[in-house]
Amino acid sequence: MPLLLGAIADDFTGATDLCNMLVRNGMRTVQLIGVPRGDLELDEVDAITIALKSRTVPAKEAVALSLEALEWLQRQRARQVFFKYCSTFDSTPEGNIGPVGDALADRVDAAIAIACPAFPETGRTIYMGHLFVGDRLLSETHMAHHPLTPMTDPDLVRVLGRQTPRKVGLVAWPSVRRGAAFIRDRLTALRHEGFRWAIVDCLEDADLLAIGEAVADHPLVTGGSGVAMGLPANFRRQGLLPERGAEAAALPPVPGPALVLAGSCSAATLGQIEAFREHRPARRLDPLALAKGEEVREVIAWAREHLPTGPVLIYASAPPEEVRRVQERLGRDRAGAVVEEAMAAIARELVASGVRRLVVAGGETSGAVVKALAIEGLAIGPQIDPGVPATVTIGRGPRLALALKSGNFGRRDFFLRALEAMP
Ligand code: ADP
């Protein structure tokens, strides 16, 4: 059966977020880490998301990577293509949302593409083309000071307009609130006026569903994971997607010893570490010792000793003043790098000696672990906490159950609960 939805995400955790949304709405979904090389054995799925690292690379590179991903998805005969970016529209005047979207639109012959980063569940709404985070305009949030993609203009028509030579229009809320048919009419009118892009307003989940329905026959849809909420229903209406219920999130069982690795220093992760320590052994890594080439062997030996009796935690996470002290000694990049290298080596060694279930806290830390384990893809299972699904690896190498969470996600008891929720 051809693939229903082929998605390209501009970063790793964004891809997971999208997959989680699709699974929750009844599509069996797989996340691939980069464009697959060689032949990859895939079970039949409804949606595939290729996770790229293209958000902040030069626009030309982002376009090339995205087109390569598109070609692979087209070979799987994807019926609709989705370009996923962040719900805060993270980008610069040079790109990469505009250039990548234009290139994809040309390849799939899209007359017009919507751009809708809204995700009301997480406070991201769009009104008259202006993006809000909670009750603030985007430009009045921490995103104005982002080190790589500062967002100082909340008007998405203008923001996207700087990234593309094509005309960017708006489907404003008075049309959106009247439902799919009105949105479709407005998109048709914009297309006739020569617009190739349309920012679409959205205040609540009902809007997402209407927008999704309105773009059922668009070859390309772009947005945050929110707007993907309405897409599975299109395929069901067309008789292409059966009602799967919980089966969409079914994962094969993965027995074996369990390890938790934490490299995030977020408040949420620090609390989760405290909670875990009350139940099971935990060991902290000292970045200064790691920088001297010490500690990794010793910690691996310690973990091997405790793993037979249950999960163990290895963490580098520390409160802000401690992180600052380490960064003053090592520099910020080197501090991050020694910790990530240590986590990578620990994951590799302990998987080699039998660990099969892993929880990883931290976006960069997860990226380092996934790379070290040469993971090609993940089948996405049930949601553990908002935005974080249980997953099982696919492709070469031993089958692993993984829960990868970016720093601030998850409730206090996340680590043990994740291990229970994993197959
Ligand atoms: P988050 O998702 O919370 O941003 P990340 O894993 O993306 O977490 O980023 C945390 C960064 O902090 C990583 O590069 C990690 O290696 C680094 N780090 C972890 N512990 C320490 C520490 N004690 N001192 C300095 N840097 C650290």
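Let's shift gears to the pairing of strand S12 (residues 258-262). S12 sits mainly inside the fold: five of its five residues count as buried. Pairing of S12 with strand S15 (residues 357-361), which is carried by five bridges, proceeds in the parallel orientation. Residue pairing across strands places Leu259 opposite Leu358, the latter belonging to S15. Sheet topology places S12 next to strand S14 (residues 312-315); four bridges connect them, and they run parallel. Each residue of the ladder has a partner; that of Leu259, found in S14, is Val312.

To continue, consider empty space enclosed by the protein. Taken as a whole and assessed by the stated rule, the structure comprises one cavity of 30 Å³ or more. Computed from the structure, the largest cavity encloses a volume of approximately 40 Å³. Surrounding the largest cavity, Asp10, Ser54, Arg55, Ser66, Phe83, Asn96, Ile97 and Val100 form its lining. In terms of residue class, the lining of the largest cavity is made up of three nonpolar, three polar and two charged.

Glancing now at the site of the ligand. Neighbouring residues of the ligand: 19 residues in total, closest Ser264, Glu340, Glu364, Thr365 and Gly407. Residue Glu364 places a main-chain N or O atom 2.7 Å away from an oxygen atom belonging to the ligand. At a separation of 2.6 Å, an oxygen atom of the ligand approaches a polar side-chain atom of Thr365. Isolated, the ligand exposes 580 Å² of accessible area, and the fraction of that covered by the protein chains is 81%. For the shell around the ligand, the elements supplying multiple residues, two or more each, are helix H12 (320-330), helix H13 (332-352) and helix H14 (363-372). Top element by residues in the shell around the ligand is H13. It accounts for four residues. Residue composition of the shell around the ligand, by class: eight nonpolar, nine polar and two charged.

The interhelical angle for the contact between helix H6 (residues 180-192) and helix H7 (residues 205-214), taken along N-to-C directions, is 55°, at an axis separation of 8 Å. Judged by the inter-axis angle, H6 sits oblique to H7. Considering only the axes of H6 and H7, their crossing is right-handed. In this structure, H6 contributes Ala180, Ile183 and Arg184 to the contact, and H7 contributes Ala210, Ile211, Glu213 and Ala214.

The next point concerns the side chain of Ser366. Checked against the element boundaries, Ser366 lands in helix H14. Of note is the side chain of Ser366, whose polar atom sits 2.7 Å from the backbone oxygen of Gly362. Those residues within four positions of Ser366 in sequence are excluded, and the remaining contacts are Val360, Leu404 and Lys405.

Moving on, we get to the layout of surface pockets. Estimates place the volume of the second largest pocket at around 400 Å³. In terms of lining residues, the second largest pocket is bounded by 20 residues, among which Val30, Asp43, Pro252, Ala379 and Ile394 are the most central. Sorting the residues of the lining of the second largest pocket by element identifies strand S2 (29-33), strand S16 (377-385) and strand S17 (388-394) as the ones contributing at least two each. Looking at the lining of the second largest pocket element by element, the count peaks at three residues for S17. Taken together, the residues of the lining of the second largest pocket break down into eleven nonpolar, three polar and six charged. Each of domain 1 (5-244) and domain 2 (251-421) contributes no fewer than three residues to the lining of the second largest pocket.

Attention now goes to the sheet that holds strand S6 (residues 124-127). In space, the three strands of this open sheet follow the order S6-S7-S8, with antiparallel pairing throughout. With one partner strand each, in any of the chains shown, S6 and strand S8 (136-137) form the two edges of the open sheet. In this sheet, strand S7 (residues 130-133) lies alongside S6 in antiparallel orientation, the contact comprising four bridges. Its bridge partner being in S7, Ile126 is matched across the sheet by Leu131.

Here we come to the state of the cysteines. Per the stated rule, a full pass over the model turns up zero disulfides. There is no disulfide at Cys19, and the cysteine sulfur nearest it, in Cys86, is 15 Å away. Free cysteine Cys202: the closest other cysteine sulfur is in Cys116, separated by 4.9 Å.

If you check the domain split of the chain, you get domain 1 (5-244) and domain 2 (251-421). Summarising the inter-unit geometry, the C-alpha centres of domain 1 and domain 2 are found 30 Å apart. Each partner contributes residues to the interface: domain 1 has 17 residues there, and domain 2 has 18 residues. Interface area, domain 1 with domain 2, both sides summed: about 1400 Å², of which 62% is carbon and sulfur.

Analysis parameters
Each chain carries its own residue numbering, running from 1 in the written order of its sequence. The predicted nature of this model means local features are confined to residues of pLDDT at least 70 and side-chain atom pairs, given and counted, to a pLDDT of 80 or more, with totals for whole chains, interfaces and linings taken over all residues. Excluding hydrogens and water, the side-chain values take into account all heavy atoms of the structure. To sort residues, take the accessible area from a 1.4 Å probe on protein chains only and compare it with the maximum for the residue type: under 20% means buried, over 50% means exposed, and anything in between is partly exposed. Note on conventions: DSSP H or I runs of at least 4 residues are helices, E runs of at least 2 residues are strands, and numbering of each starts at the N terminus. A pair of strands is labelled paired if DSSP reports no fewer than 2 bridges between them. Grid spacing is 1 Å over the protein atoms alone, the probe is 1.4 Å, and a cavity is where that probe fits but cannot get out, while a pocket is an open set with protein on both sides within 12 Å along at least five of seven lines and lining residues have an atom within 4 Å of a point. Grid points are joined across faces, edges and corners, and a volume is the space filled by probe spheres set on the points. Gly is put with the polar residues, along with every residue not named as nonpolar or charged; the nonpolar set is Ala, Val, Leu, Ile, Met, Phe, Trp, Tyr, Cys and Pro, and the charged set is Asp, Glu, Lys and Arg. One heavy atom within 4 Å of a molecule or strand makes the whole residue count as near it. For the purposes of these results, a polar contact is taken to be a pair of N or O atoms within 3.5 Å, where, inside protein, one atom must be able to donate a hydrogen and its partner to accept one; residues adjacent in sequence count only when each atom of the pair is a side-chain atom. Every accessible area reported is derived by Shrake-Rupley at a probe size of 1.4 Å, with residue values counting cover from the shown protein chains alone. Axis definition: a line fitted to C-alpha atoms, over the contacting stretch in the case of helices. Angles run 0 to 180 degrees between N-to-C directions. Here is the rule for angles: anything less than 35 degrees is roughly parallel, anything more than 145 is roughly antiparallel, 65 through 115 is roughly perpendicular, and the remaining ranges are oblique. Left-handed describes a crossing in which the near helix is turned anticlockwise from the far one by less than a right angle; the clockwise case is right-handed. By the convention used here, residues are in contact when the closest approach between their heavy atoms is within 4.5 Å. All the domain ranges listed were derived from an automatic or database domain assignment. Pairs of cysteine sulfur atoms within 2.5 Å are what we label disulfides. In short, buried area is how much 1.4 Å probe accessible area vanishes from two parts on joining, totalled over both.

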